[in-house]
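Each chain, letter by letter, is given below.
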Amino acid sequence: MTEAEALAALRGDDPALAARAEAALWEIWCRSGIPEVDRLLRQGIEAMERRELAEAVALFSRIIARAPDFAEGWNKRATARYVAEDYAGAVTDCEETLARNRHHFGALSGQGLCHMALGQFREAAALFRRALTVHPHLTSANQNLAAALSEAVKGNGH
């Protein structure tokens, strides 16, 4: 399945096909084509799994320095920064991811989570809507959109 085929399948009516398409996209997006970068990506993911967030951020930063056009390097650093509660840094990395891959529903949803953590509920809702435009079957984005809208109404969006 090509990236274009997978993106089209995400928007289709078949949830099972959408799930396979999502898995295919993650596989495509996590391959840089540069063995050193792919090795660093695996090491960074392993560091995140061990909750060694500073090490993970450092490894993903090395990827960004080596292959700045590789969107997943930015996305993984955003994830590590989010887990470390560096929400502003994670937002910046999500923006860099999306500048390289505008269809990256993970970065869209992740940036929405960062805005939620920062109390910026309207911004969060807009990002969850964008994620759902790309991947309508993304259950977490639907749930997070509802939560963001509820909070925005409570606080009049601020």
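Our subject is the structure that appears above.
Throughout, residues of each chain are indexed from 1 in the direction in which the sequence is written. Where local features are concerned, this predicted model is filtered to residues with pLDDT of at least 70; where side-chain atom pairs are given and counted, the filter is 80 or more; whole-chain, interface and lining totals use all residues. Values shown for side chains rest on all heavy atoms present in the structure; no hydrogens or waters enter the calculation.

**With respect to the side chain of asparagine 75**
Link 1 in the chain: Runs of H or I in DSSP of at least four residues are treated as helices and runs of E of at least two as strands, each being numbered from the N terminus. Here asparagine 75 shows up in helix α5 (residues 71-83).
Link 2 in the chain: Working rule for contacts: check all heavy atoms of both residues, and any pair within 4.5 Å makes them a contact. Residues within four places of asparagine 75 in sequence aside, it is in contact with Trp26, Thr97, His104, Gly106 and Ala107.

**Brief notes about the layout of surface pockets**
Link 1 in the chain: Every definition here rests on a 1 Å grid over the protein atoms only: cavities are sets of points where a 1.4 Å probe fits but cannot get out, pockets are open sets enclosed by protein on both sides within 12 Å along at least five of seven lines, and lining residues have some atom within 4 Å of a point. Grid points are joined across faces, edges and corners, and a volume is the space filled by probe spheres set on the points. When its volume is computed, the largest pocket comes out at roughly 230 Å³.
Link 2 in the chain: Surrounding the largest pocket, 14 residues form its lining, Asn75, Ala78, Thr79, Gly106 and Gly110 being those nearest its centre.
Link 3 in the chain: Sorting the residues of the lining of the largest pocket by element identifies α5 and α7 (105-117) as the ones contributing at least two each.
Link 4 in the chain: Examining the composition of the lining of the largest pocket, we find that 6 residues originate from one element, α5, more than from any other.
Link 5 in the chain: Of the residues contributing to the lining of the largest pocket, the split by class is 8 nonpolar, 4 polar and 2 charged. Under the scheme applied, nonpolar residues are Ala, Val, Leu, Ile, Met, Phe, Trp, Tyr, Cys and Pro; charged residues are Asp, Glu, Lys and Arg; polar residues are all the others, including Gly.

**Looking at the packing of helix α3 (residues 35-49) against helix α4 (residues 53-66)**
Link 1 in the chain: Viewed as axis vectors pointing N to C, α3 and α4 meet at an angle of 160°, and their least axial separation amounts to 8 Å. On the basis of their axis angle, the class for α3 and α4 is roughly antiparallel. Of the two elements, α3 crosses α4, and the hand of that crossing is left-handed. Contact with α3, carried on its side by Glu36, Val37, Leu40, Leu41, Gln43, Gly44, Ile45, Ala47 and Met48, involves Leu53, Glu55, Ala56, Leu59, Phe60, Arg62, Ile63 and Arg66 of α4 and no other residues of that element.
Link 2 in the chain: Each residue belonging to the contact of α3 with α4 can be placed in one class, and the counts come to 11 nonpolar, 2 polar and 4 charged. Working convention: axes come from line fits to C-alpha atoms, limited for helices to the stretch in contact. Angles between N-to-C directions cover 0 to 180 degrees. Put simply, angles under 35 degrees are roughly parallel, angles over 145 are roughly antiparallel, angles from 65 to 115 are roughly perpendicular, and the rest are oblique. In a left-handed crossing the near helix is turned counterclockwise from the far helix by less than a right angle, and in a right-handed crossing that turn is clockwise.

**Description of the packing of aromatic side chains**
Link 1 in the chain: Between the rings of Phe, Tyr and Trp (Trp by its six-membered ring), a pair exists once the centres lie within 6.5 Å; its type follows the angle of the planes, with under 30 degrees stacked, over 60 edge-to-face, and the other angles tilted. Overall, the coordinates contain 4 aromatic pairs when judged by the stated rule.
Link 2 in the chain: Judged by centre distance (5.6 Å) and plane angle (80°), the rings of tryptophan 26 and tryptophan 29 are edge-to-face. With tryptophan 26 and tryptophan 29 both in helix α2 (residues 15-29) and 3 residues apart, this pair spans about one turn of that helix.
Link 3 in the chain: Here the term buried applies to any residue with accessible area under 20% of the maximum for its type, exposed to any over 50%, and partly exposed to those in between, with areas from a 1.4 Å probe on protein chains only. Judged by relative accessible area, tryptophan 29 falls into the buried class, the value being 6%.

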